[in-house]
Amino acid sequence: MTADTLQRVNLLGLPKVELEAFVGELGSKPFRARQIMNWLYKRGEGDIAAMTDLAKDFRAQLVERAEILLPTIVRTQVASDGTRKWLLSAGNDQAFEMVFIPEEDRGTLCISSQVGCALDCTFCSTAQQGFNRNLTTAEIVGQVWLAIRELSRELGWKIGDDRIITNIVFMGMGEPLANFRSVVPAIRIFLDDLGFDISRRRVTLSTSGLVPQIYKLAEEVNCALAVSLHAPNDELRSQLVPINRKHNIAELLEACWHYLDEQNGRSVTFEYVMLDGVNDQPEHARELARLLRDKPAKLNLIPFNPFPGTQYRRSPPAVIERFRDELMQRGLVVTVRKTRGEDIDAACGQLAGQVTDRITVRLGSKTFGLQVRA
Ligand code: SAH
């Protein structure tokens, strides 16, 4: 095989051990991997040729065998509250979104893990789009890389001078635990001190409740866990979050406490979308309190964000307040999520990107992706 036909390795998204192995294959010492990571993540360098402290020969080898491939930005939108949303291309007319939410004491980047989502939660606009494909580790890590570059440029900061992104949340498009193989290495790079070096309490994976994968996650990485609960009993939760029919609330909570034990975590955040007349009544609050009282749990109430065609409405502010008070009176720790970026459809559950629904068909040894919805 000639160098031209060899597929180049994307350096972005290779965790340290894999990067060391690759560098080893090229006949170099493991410390070269550290140097590359330093350029990539600390200095935000996207051009191998500009990595000037790498020996010339090694750099030439790298240029030939490797590349730094990033998703391309299709559109940038800025909301009146400073929230930014970027639409990123996933090729083949597919796109996904990431959102930056600036606050006084932190900058949160909300990233996607899939193009679309296969889970069908009834109140989520991503679900209405269907599922196209998993993002690669490079596409997940590339979101953070790109956001840092874009924001630094805008602010006139040199990358590495100061932190723009202090928190990362997997609350964009997709179910991260359904893309375990790409998400776990991405988290490793977020946490690695040679990577983005973000504290494990500031990287949050949000899941709709894929129970077996929560157990697996506990063995693999150490980050904060958020769980989309949305209902205090199985009957209602199965309607809103259909995966509940497979893994019910009791199983889910069991997995959460196990995760905390394994990870030495402090608490799990339970997300609860406030749907007018559906799950927002005082009896729901009381049931929820019985479920989570005296447990290492925090509740985050999310006012529902409407999208075209939805059957739901947001609970009125007074109802949300009453619900919160019912929970607080019973000793629960509760916050109400501030809705951000609404004027650009960047709020939770409004990310739709551009997804063509696909199903995967296996015939013999071949796999085909078929478009099923335009
Ligand atoms: N698949 C992951 C990440 C989803 S998005 C998960 O299910 O946790 C992050 C949060 O936004 C989840 O709690 C999700 O249930 C919630 N959400 C989805 N649609 C929403 C909407 N229309 N309004 C408010 N929150 C929504």
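Not measured: the values here are computed from a predicted model.

Quick look at the overall build of the protein
So, step 1. Counting its secondary structure elements, the protein contains eleven helices and 16 strands.
So, step 2. With respect to the three principal axes, the spread of C-alpha positions in the protein is 70 × 50 × 40 Å.
So, step 3. Expressed as a percentage of its 374 residues, the buried residues of the protein come to 52%.
So, step 4. For the protein, long-range pairs separated by at least 24 residues make up 64% of all intrachain contacts whose partners lie at least 6 apart in sequence.
So, step 5. In the structure as shown, the protein presents an accessible area of about 17,500 Å², 46% of it carried by carbon and sulfur atoms.
So, step 6. In the protein, which carries 46 positive and 47 negative side-chain charges, the distance between the mean positions of the two groups comes to 2 Å.

Observations concerning the environment of tyrosine 272
So, step 1. Structurally, tyrosine 272 is set in strand 12 (residues 268–274).
So, step 2. Exposure remark for tyrosine 272: the relative accessible area of 0% places this residue in the buried category.
So, step 3. Each C-alpha atom of the pair tyrosine 272 and threonine 204 lies 16 Å from the other, and the pair is 68 residues apart in sequence.
So, step 4. Excluding its chain neighbours within four sequence positions, the residues that come into contact with tyrosine 272 are His230, Ala231, Pro232, Asn279, His284, Leu288, Leu299, Asn300, Leu301, Ile302 and Phe323.

Observations regarding helix 9 (residues 249–263)
So, step 1. The first and last C-alpha atoms of helix 9 sit 21 Å apart over 15 residues, in line with the 21 Å expected at 1.5 Å per residue.
So, step 2. When we look at burial in helix 9, the residues that qualify are Ile249, Leu252, Leu253, Ala255, Cys256, Trp257, Tyr259, Leu260 and Gln263.
So, step 3. In this structure, the buried residues of helix 9 make contact with helix 7 (211–220), strand 11 (224–228), helix 8 (234–240), strand 12, helix 10 (282–292) and strand 13 (297–303).
So, step 4. Between the side-chain oxygen of the N-cap and the backbone nitrogen of alanine 250 there are 3.3 Å, and the N-cap of helix 9 in question is asparagine 248.
So, step 5. In the segment just after helix 9, asparagine 264 is the residue with positive phi, at about 60 degrees.

Things to note about the pairing of strand 12
So, step 1. Taking burial as the measure, the seven residues of strand 12 include six buried ones, the bulk of the element.
So, step 2. As judged from the three bridges shared by strand 11 and strand 12, these two strands associate in the parallel manner. By the bridge assignment, alanine 226 is partnered in strand 12 with threonine 269.
So, step 3. Relative to strand 13, strand 12 runs parallel, the two sharing seven bridges. Residue valine 268 lies in a different strand from strand 13, and its bridge partner there is alanine 297.
So, step 4. One crossover worth recording links strand 12 to the parallel strand 13 by way of helix 10, and it is right-handed.

A few points about the packing of helix 6 (residues 180–191) against helix 7
So, step 1. Contact pair helix 6 / helix 7: the axes reach a minimum separation of 11 Å and the direction vectors enclose 30 degrees. With respect to their mutual orientation, helix 6 and helix 7 come out roughly parallel. Crossing of helix 6 over helix 7 shows right-handed handedness. In contact with Phe180, Val184 and Arg188 of helix 6, helix 7 contributes Gln213, Lys216, Leu217 and Glu220.
So, step 2. By residue class, the composition of the contact of helix 6 with helix 7 is three nonpolar, one polar and three charged.

As for the pattern of salt bridges
So, step 1. A full pass over the atoms with the stated rule returns 16 salt bridges.
So, step 2. Residues glutamate 150 and arginine 153 are paired through a salt bridge, measuring 3.8 Å at the closest nitrogen-oxygen approach. Of this pair, glutamate 150 and arginine 153 both sit in helix 5 (residues 137–155), three residues apart, roughly one helical turn.
So, step 3. In this structure, the salt-bridge partner of aspartate 325 is arginine 324, at a minimum N-O distance of 3.5 Å.
So, step 4. For aspartate 325, a relative accessible area of 32% gives the class partly exposed.
So, step 5. Connected through shared salt-bridge partners, Arg149, Glu150 and Arg153 make up one network.

Considering the site of the ligand
So, step 1. The full set close to the ligand counts 21 residues, and Phe123, Ser206, Ser228, His230 and Asn305 are the nearest of them.
So, step 2. Between serine 208 and the ligand, the recorded distance is 3.5 Å, taken from a backbone N or O atom to an oxygen atom.
So, step 3. One of the backbone nitrogen or oxygen atoms of asparagine 305 is found 2.9 Å away from a nitrogen atom of the ligand.
So, step 4. Across the complex, the protein chains shield 96% of the 530 Å² of accessible surface that the ligand would expose by itself.
So, step 5. Secondary-structure elements contributing two or more residues to the shell around the ligand are strand 10 (203–207), strand 12 and strand 13.

Re the sheet that holds strand 4 (residues 84–89)
So, step 1. One open sheet accounts for ten strands, arranged 3-4-5-6-9-10-11-12-13-14; its pairing is mixed. One side of each edge strand has no neighbouring strand; the edge strands of this open sheet are strand 3 (73–78) and strand 14 (333–336). When strand polarity is set aside, the average angle formed by the axes of neighbouring strands in this sheet is 20 degrees.
So, step 2. Taken together, the three bridges between strand 9 (residues 167–170) and strand 10 define a ladder with parallel strand orientation.

Observations regarding the packing of aromatic side chains
So, step 1. This model, assessed by the stated rule, comprises seven aromatic pairs.
So, step 2. Here phenylalanine 190 and phenylalanine 196 contribute two aromatic rings whose centre-to-centre distance is 6.2 Å and whose plane-to-plane angle is 45 degrees, an arrangement assigned as tilted.
So, step 3. Using a relative accessible area of 8% as the deciding quantity, one classes phenylalanine 196 as buried.
So, step 4. A ring pair is formed by phenylalanine 304 and phenylalanine 307, whose centres lie 6.1 Å apart and whose planes are at 65 degrees; its orientation type is edge-to-face.
So, step 5. Relative accessible area serves as the criterion here: at 1%, phenylalanine 304 is assigned to the buried category.
So, step 6. Just above the ring of tryptophan 39 sits the side chain of arginine 43; from NZ or CZ to the centre is 3.9 Å.

Reading the values: the criteria
- Residues numbered from 1 in each chain as written.
- Predicted model: local features only at pLDDT ≥ 70, side-chain atom pairs only at ≥ 80, totals over all residues.
- Heavy atoms only, no water.
- Helix = DSSP H or I, 4+ residues; strand = E, 2+ residues; numbered from the N terminus.
- Buried < 20%, exposed > 50% of the residue type's maximum accessible area, 1.4 Å probe, protein only.
- Contact = heavy atoms within 4.5 Å.
- Areas by Shrake-Rupley, 256 points an atom, 1.4 Å probe, with all protein chains shown as cover.
- Lys, Arg positive; Asp, Glu negative; His and termini not counted.
- Charge placed at Lys NZ, Arg CZ, Asp CG, Glu CD.
- Expected span 1.5 Å × (residues − 1).
- Polar contact = N/O pair within 3.5 Å; in protein donor to acceptor, adjacent residues only side chain to side chain.
- Pairing = 2+ DSSP bridges.
- Right-handed = clockwise from strand over helix to strand, strands pointing away.
- Axes fitted to C-alpha atoms, helices over the stretch in contact; angles between N-to-C directions.
- Parallel < 35°, antiparallel > 145°, perpendicular 65-115°, else oblique.
- Left-handed = near helix turned anticlockwise from the far one by under 90°.
- Nonpolar A, V, L, I, M, F, W, Y, C, P; charged D, E, K, R; others polar.
- Salt bridge = Lys/Arg side-chain N within 4 Å of Asp/Glu carboxyl O.
- Near = heavy atom within 4 Å.
- Phe/Tyr/Trp six-rings, centres within 6.5 Å; stacked < 30°, edge-to-face > 60°.
- Lys NZ or Arg CZ within 6 Å of the ring centre and 35° of its normal.

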